[in-house]
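Chain by chain, the residues run as shown.
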Amino acid sequence: MSTEYGIALGMIETRGLVPAIEAADAMTKAAEVRLVSRDFVGGGYVTIMVRGETGAVNAAVRAGADACERVGDGLVAAHIIARPHNELEPIMDMSTSTTRG
Amino acid sequence: MSTEYGIALGMIETRGLVPAIEAADAMTKAAEVRLVSREFVGGGYVTILVRGETGAVNAAVRAGADACERVGDGLVAAHIIARPHNEVEQVVSNAAKA
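None of the values given here were measured: they were computed from a predicted structure.

Student: Even after reading the chapter, I still don't get the overall build of chain A, so can you show me in this structure?
Tutor: Regarding its fold elements, chain A presents 3 helices and 4 strands. Relative to its 101 residues, chain A shows a buried fraction of 45%.

Structure follows, in structure tokens:
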């Protein structure tokens, strides 16, 4: 079992890049989380993913959702998975590689 | 990148490229800021990112937002982060790379 397994995942999806960056900033300032990816989903949707302890991810996603609501076309979705299944890791790696590639 | 840490970030998002270019022009003319990226977000959204001193970025974003409102489908969002967290740098620099 990898050390990464079970580490909580937080996701925020916005319409447009500006609210996404605002959310990323608010999330990293609110709690001890790592930004793992930023994806252009298409149709103007942008998704930011963070990993960290469940409590930290919870606090970060709430802060991020609050912050980006007021910016531009705002929030589409804010969601937390406390303990993502191992099978999901490749999907998250995929989005990470597209972000950092 | 360490010297750039904490330097203010200004963002303008528009519907269409023409207002984005108008905003970029107004921003660089209004204050001492550097254009760091122009991003095609998808769905017709275009985002312009600038960096500089907080005051300069503030003035630039206000001028840019004013200028592009009257052009095409206009403004979606204008926003300033005075001191972006270090983690956010990767999002910004990735945007610059893409």
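Student: Looking at this model, I keep getting lost on the overall build of chain B. Mind explaining?
Tutor: A count of helices and strands for chain B gives 3 helices and 4 strands. Starting at the N terminus and walking to the C terminus, you meet the elements of chain B as β-α-β-β-α-β-α. When the 98 residues of chain B are sorted by exposure, 45% land in the buried category. The long-range share in chain B, meaning contacts at least 24 apart out of those at least 6 apart in sequence, stands at 70%.

Student: It is not clear to me how the sheet that holds strand β3 (residues 45-52) of chain B should be interpreted in this structure. Could you clarify?
Tutor: The strands that make up a sheet are held in pairs by hydrogen bonds between backbone atoms, and each pair lies either parallel or antiparallel. All names here are of chain B. As summarised here, the arrangement of the 4 strands in space is β2-β3-β1-β4, forming an open sheet in which the pairing is antiparallel. Two strands bound the open sheet, and with one partner strand each, they are β2 (34-42) and β4 (75-81). The sheet shows a mean angle of 15° between the axes of neighbouring strands, taken without regard to direction. The sheet contact formed by strand β1 (residues 8-15) and β4 spans 6 bridges and is antiparallel.

Student: Explain helix α2 (residues 54-69) of chain B here, please?
Tutor: The periodicity of an α-helix, 3.6 residues per turn, causes residues three or four positions apart to be oriented the same way. All names here are of chain B. Between its first and last C-alpha atoms α2 spans 22 Å; for 16 residues at 1.5 Å apiece the expected length is 22 Å, and the two agree. Listed in full, the buried residues belonging to α2 are V57, A60, V61, G64, A65, A67 and C68. The arc that holds the buried residues of α2, viewed along the axis, is 165°, so those residues lie on one side. Among the structural elements, β1, α1 (17-30), β3 and β4 are those in contact with the buried residues of α2.

Student: Which parts of the structure should I look at to understand the environment of A77(B)?
Tutor: Along the chain, A77(B) turns up in strand β4. Taking the C-alpha atoms as reference points, A77(B) and Q90(B), separated by 13 residues in sequence, lie 21 Å from one another.

Student: When you look at the interface of chain B and chain A in this model, what are you seeing that I'm missing?
Tutor: Often the size quoted for an interface is simply the accessible area lost on bringing the parts together. With 20 residues of chain B at the contact, the number on the chain A side is 23 residues. Across the side of chain B that touches chain A, the residue classes break down as 9 nonpolar, 8 polar and 3 charged.

Student: I tried to follow the nonpolar core on my own but got confused; where do I start?
Tutor: The nonpolar side chains of a soluble globular protein tend to be buried, and buried together. Counting 60 residues, the largest nonpolar core has A23(A), A24(A), V50(A) and A23(B) as the members making the most contacts within it. When residues in this core are grouped by element, the largest group, 8 residues, is from helix α1 (residues 17-30) of chain A.

Calculation notes
Residues numbered from 1 in each chain as written. Chains lettered and ligands numbered in written order. Predicted model: local features only at pLDDT ≥ 70, side-chain atom pairs only at ≥ 80, totals over all residues. Helix = DSSP H or I, 4+ residues; strand = E, 2+ residues; numbered from the N terminus. Buried ≥ 20, exposed ≤ 12 C-beta atoms within 10 Å, placed from the backbone. Contact = placed C-beta atoms within 7 Å. Pairing = 2+ DSSP bridges. Axes fitted to C-alpha atoms, helices over the stretch in contact; angles between N-to-C directions. Expected span 1.5 Å × (residues − 1). Arc of directions from axis to C-beta. Nonpolar A, V, L, I, M, F, W, Y, C, P; charged D, E, K, R; others polar. Core = buried A, V, L, I, M, F, W, Y, C linked by C-beta atoms within 7 Å.

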